[in-house]
Amino acid sequence: GVRHEPTNKIVLDLERLYDEASEELAYVARYARAIQQQRGDYNGRVLSIRADDLRALAIVYDASPSGLIERLTEHGVLVADPRALFAS
Ligand code: C2E
Ligand code: C2E
Ligand code: C2E
């Protein structure tokens, strides 16, 4: 089949993000909801976000973009390979 290159795209697992009880990710969740609204993208299990928006969000968390990515990874709300999610 078609070979896909791995990307550095930031893809949020919305189910996990919205289920996440911790206050720490409240701003990320709110931001994701706003982006869904702006795009009219309501039915996705995942959401790809702009690098620019990650940078803005990192400021809110007083972190670097890579620092925020680390925290998102710790919370398990990032999807490394969205296609794998749908294949399983
Ligand atoms: P816009 O930035 O003027 O983009 C207009 C349309 O161009 C978008 O409609 C989308 O179809 C396409 N587009 C723009 N940038 C990209 C991109 O990086 N990748 C892809 N695949 N398509 C892109 P859409 O999605 O209905 O969004 C409407 C408007 O909502 C956008 O207008 C923008 O103002 C806002 N918006 C949507 N998603 C985001 C986001 O993730 N971050 C920010 N800051 N604004 C967003
Ligand atoms: P991909 O980027 O690896 O995304 C795989 C699947 O994750 C997508 O399958 C879609 O079901 C889901 N997904 C990823 N980001 C979003 C999101 O922001 N919102 C929603 N609702 N779902 C998302 P899909 O749609 O069949 O796309 C397959 C592949 O086609 C994508 O793989 C990507 O390589 C390409 N593609 C689809 N839409 C766009 C687009 O707007 N821009 C670009 N550049 N590629 C796209
Ligand atoms: P993508 O669609 O694969 O786009 C990859 C990169 O190409 C984007 O990274 C951006 O730098 C550039 N790009 C693509 N389309 C446009 C465009 O219409 N205008 C401009 N100025 N640049 C464009 P970025 O911004 O980090 O976005 C990452 C991913 O987030 C995009 O991957 C797409 O899946 C999603 N995304 C970003 N903005 C929008 C949007 O407005 N609407 C939708 N539906 N998806 C978006």
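Placed above this text is the structure.
Residues numbered from 1 in each chain as written. Chains lettered and ligands numbered in written order. Predicted model: local features only at pLDDT ≥ 70, side-chain atom pairs only at ≥ 80, totals over all residues. Heavy atoms only, no water.

A. Molecular detail of the packing of helix H2 (residues 26–39) against helix H3 (residues 51–60). One can describe the packing of H2 onto H3 by two numbers: an axis separation of 11 Å at closest approach and a directional angle of 150°. Comparing the axis directions of H2 and H3 gives the class roughly antiparallel. The element H2 and its partner H3 pack so that their crossing is right-handed. Here Tyr27, Val28, Tyr31 and Ile35 of H2 come into contact with H3, specifically with Asp53, Ala56, Leu57 and Val60. Taken together, the residues that form the contact of H2 with H3 break down as 7 nonpolar, no polar and 1 charged. (Axes fitted to C-alpha atoms, helices over the stretch in contact; angles between N-to-C directions. Helix = DSSP H or I, 4+ residues; strand = E, 2+ residues; numbered from the N terminus. Parallel < 35°, antiparallel > 145°, perpendicular 65-115°, else oblique. Left-handed = near helix turned anticlockwise from the far one by under 90°. Contact = heavy atoms within 4.5 Å. Nonpolar A, V, L, I, M, F, W, Y, C, P; charged D, E, K, R; others polar.)

B. Looking closely at the nonpolar core. In terms of nonpolar packing, the biggest core is built from 18 residues, with Leu12, Leu17, Val28, Ile49, Leu68 and Leu72 touching the most fellow members. Only strand E1 (10–13), helix H1 (14–19), H2, strand E2 (46–49), H3 and helix H4 (65–74) provide two or more residues apiece to this core. Apart from the residues within four sequence positions on either side, Leu12 is in contact with Leu17, Val28, Ala32, Arg45, Val46, Leu47, Ile49, Leu72, Val77, Leu78 and Val79. (Core = buried A, V, L, I, M, F, W, Y, C linked by side-chain atoms within 4.5 Å. Buried < 20%, exposed > 50% of the residue type's maximum accessible area, 1.4 Å probe, protein only.)

C. The arrangement of the site of ligand 2 in detail. Every residue close to ligand 2 is listed here: Lys9, Arg39, Asp41, Gly44, Val46, Leu47, Ser48, Pro82, Arg83 and Phe86. Contacts to ligand 2 include Arg83, whose side-chain N or O atom sits 2.9 Å from an oxygen atom. When the free accessible area of ligand 2 is taken as 770 Å², the share hidden by the protein chains comes to 44%. Listing elements by their share of the shell around ligand 2, those giving two or more residues are E2 and helix H5 (82–87). (Near = heavy atom within 4 Å. Polar contact = N/O pair within 3.5 Å; in protein donor to acceptor, adjacent residues only side chain to side chain. Areas by Shrake-Rupley, 256 points an atom, 1.4 Å probe, with all protein chains shown as cover.)

D. Representation of the site of ligand 1 within the structure. The environment of ligand 1 is formed by Ile35, Gln38, Arg39, Arg50 and Asp53. Taking Arg50, its side chain carries an N or O atom lying 3.1 Å from an oxygen atom of ligand 1. Between a nitrogen atom of ligand 1 and a side-chain N or O atom of Asp53, the distance comes to 2.4 Å. Compared with its free state, where it exposes 780 Å², ligand 1 has 36% of that area covered by protein. Per element, the largest residue contribution to the shell around ligand 1 is 3 residues, and it comes from H2. Of the residues that constitute the shell around ligand 1, the class distribution is 1 nonpolar, 1 polar and 3 charged.

E. Up close: H2. Here H2 contains 14 residues, and its C-alpha end-to-end distance of 20 Å stays within 8% of the 20 Å for a straight helix at 1.5 Å per residue. The complete set of buried residues in H2 reads Val28, Ala29, Ala32, Ile35 and Gln36. Seen from one end, H2 has its buried residues packed into an arc of 125°, which puts them on one side. Turned more than 90 degrees away from the buried face of H2 sit Arg30, Gln37 and Gln38, all of them exposed. In this fold, the buried residues of H2 make contact with E1, H1, E2, H3 and H4. (Expected span 1.5 Å × (residues − 1). Arc of directions from axis to C-beta.)

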